[in-house]
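# Structural features, examined
Listed below are the residues making up each chain.
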Amino acid sequence: MSLSDHPFRVGFGYDAHRLVEGRDLILGGIKIPHELGLLGHSDADVLTHAIIDAILGALSRGDIGQHFPDTDPKYKGADSLGLLKKTMVWVRQDGFGINNVDSTIVAEQPKLAPYLIEMRGRLSQSMDIHRDQVNIKATTTEKMGFCGRREGIVSFAVVSLMKVG
Ligand SMILES: [Zn+2]
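Heads up: these notes are all about the structure in this document.

Cut-offs used in this document
- Residues numbered from 1 in each chain as written.
- Predicted model: local features only at pLDDT ≥ 70, side-chain atom pairs only at ≥ 80, totals over all residues.
- Heavy atoms only, no water.
- Pairing = 2+ DSSP bridges.
- Helix = DSSP H or I, 4+ residues; strand = E, 2+ residues; numbered from the N terminus.
- Right-handed = clockwise from strand over helix to strand, strands pointing away.
- Salt bridge = Lys/Arg side-chain N within 4 Å of Asp/Glu carboxyl O.
- Buried < 20%, exposed > 50% of the residue type's maximum accessible area, 1.4 Å probe, protein only.
- Phe/Tyr/Trp six-rings, centres within 6.5 Å; stacked < 30°, edge-to-face > 60°.
- Lys NZ or Arg CZ within 6 Å of the ring centre and 35° of its normal.
- Donors = N, O, S within 2.8 Å, 3.2 Å for Na, K, Ca; no water.
- Core = buried A, V, L, I, M, F, W, Y, C linked by side-chain atoms within 4.5 Å.
- Contact = heavy atoms within 4.5 Å.
- Axes fitted to C-alpha atoms, helices over the stretch in contact; angles between N-to-C directions.
- Parallel < 35°, antiparallel > 145°, perpendicular 65-115°, else oblique.
- Nonpolar A, V, L, I, M, F, W, Y, C, P; charged D, E, K, R; others polar.

## Structural notes on the pairing of strand E6 (residues 134-139)
- Pairing analysis gives six bridges linking strand E5 (residues 96-106) to E6, with the strands arranged parallel. Residue pairing across strands places Thr104 opposite Lys137, the latter belonging to E6.
- As a crossover connection, the stretch from E5 through helix H4 (residues 116-127) into E6 is right-handed.

## Section: the pattern of salt bridges
- For the structure shown, the criterion picks out seven salt bridges.
- Two residues, Asp94 and Arg61, come together in a salt bridge whose shortest N-O distance is 2.9 Å. Taken together, the residues Asp94 in the loop between helix H3 (80-93) and E5 and Arg61 in the loop between helix H1 (46-58) and helix H2 (64-67) connect sequence positions 33 residues apart.
- On the basis of relative accessibility, which here comes to 17%, the residue Asp94 falls in the buried class.
- Between Asp132 and Arg120 there is a salt bridge, with the nearest N and O atoms lying 3.9 Å from each other.

## Notes on the packing of aromatic side chains
- Per the counting criterion, the structure on display carries four aromatic pairs.
- The structure contains a cluster of three or more aromatic residues connected by ring pairs, namely Phe12, Tyr14 and Phe156.
- Over the ring of Phe96 we find Lys163, and its NZ or CZ is 5.5 Å from the ring centre.

## Comments concerning the coordination of the zinc ion
- Distances from the zinc ion to its protein donors, namely Asp15 (OD), His17 (NE2) and His49 (ND1), fall within the range 2.0 to 2.1 Å.
- Along the chain, the residues donating to the zinc ion are arranged with the sequence spacing D-x1-H-x31-H. Residue His17 is located in strand E1 (residues 8-20), and its partner His49 is located in helix H1; the two are separated by 32 residues in the primary sequence. Just as His17 is buried, His49 falls in that class too.

## Focus: the nonpolar core
- Among the nonpolar cores identified, the biggest contains 45 residues, and Ile51, Ile55, Met119, Leu123 and Met127 are the most heavily contacted of them.
- Secondary structure elements with two or more residues in this core: strand E2 (25-27), strand E3 (30-32), H1, H3, E5, H4, E6 and strand E7 (152-163).
- It is H1 that provides the largest number of residues to this core, a total of nine residues.
- Setting aside chain neighbours within four positions, we find Met119 in contact with Leu27, Gly28, Ile30, Ile32, Leu47, Ile105 and Ile136.

## Observations regarding the packing of H3 against H4
- H4 packs onto H3 with a crossing angle of 40° between their chain directions and a minimal axis gap of 8 Å. When the axes of H3 and H4 are compared, the pair comes out oblique. Contacts between H3 and H4 involve Leu81, Leu84, Lys85, Met88 and Arg92 from the former and Arg122, Leu123, Ser126 and Met127 from the latter.
- Taken together, the residues that form the contact of H3 with H4 break down as five nonpolar, one polar and three charged.

## Details of the packing of H1 against H3
- The N-to-C vectors of H1 and H3 enclose an angle of 10°; their axes lie 10 Å apart at closest approach. Between H1 and H3, the interaxial angle falls into the category roughly parallel. The residues of H3 that touch H1, namely those facing Thr48, His49, Ile51, Ile52, Ile55 and Leu56, are Ser80, Leu81, Leu83, Leu84, Thr87, Met88, Trp90 and Val91.
- Residue composition of the contact of H1 with H3, grouped by class: ten nonpolar, four polar and no charged.

Shown next, in the form of structure tokens:
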């Protein structure tokens, strides 16, 4: 049975980026006002990267580093929503559609609740699905660990894909 014969797939993604001064904080394609931003070769959108990794996992297509290497100047400062759109080309090529996406951002600060609906809008638009198919949760680690010390932000994502057509 090949991958394309399976009617249902699940993928998991995890990502972490360091918080530094002098960088924008981009999460789910939204620029969030904050005195620190995420460090990375691309725009370091940790939530979008976790979702991309979850999709690639569901497709058994490896991981984000293989497809969009941080050694490639092409991806310097890259808009991660653009990378998500590229990933969606493979979803369609393999004969799948996204059933739903669930995700969690772990950040001590800033408070992300006011931005979650807009993030869901941007992400669902990039994946060409309805906003109700994308869920984003935001939590803290109650000041424990590197997220708690505001050294970085982490994201987790789970994606389910369905065979289409
Ligand atoms: Zn990343």
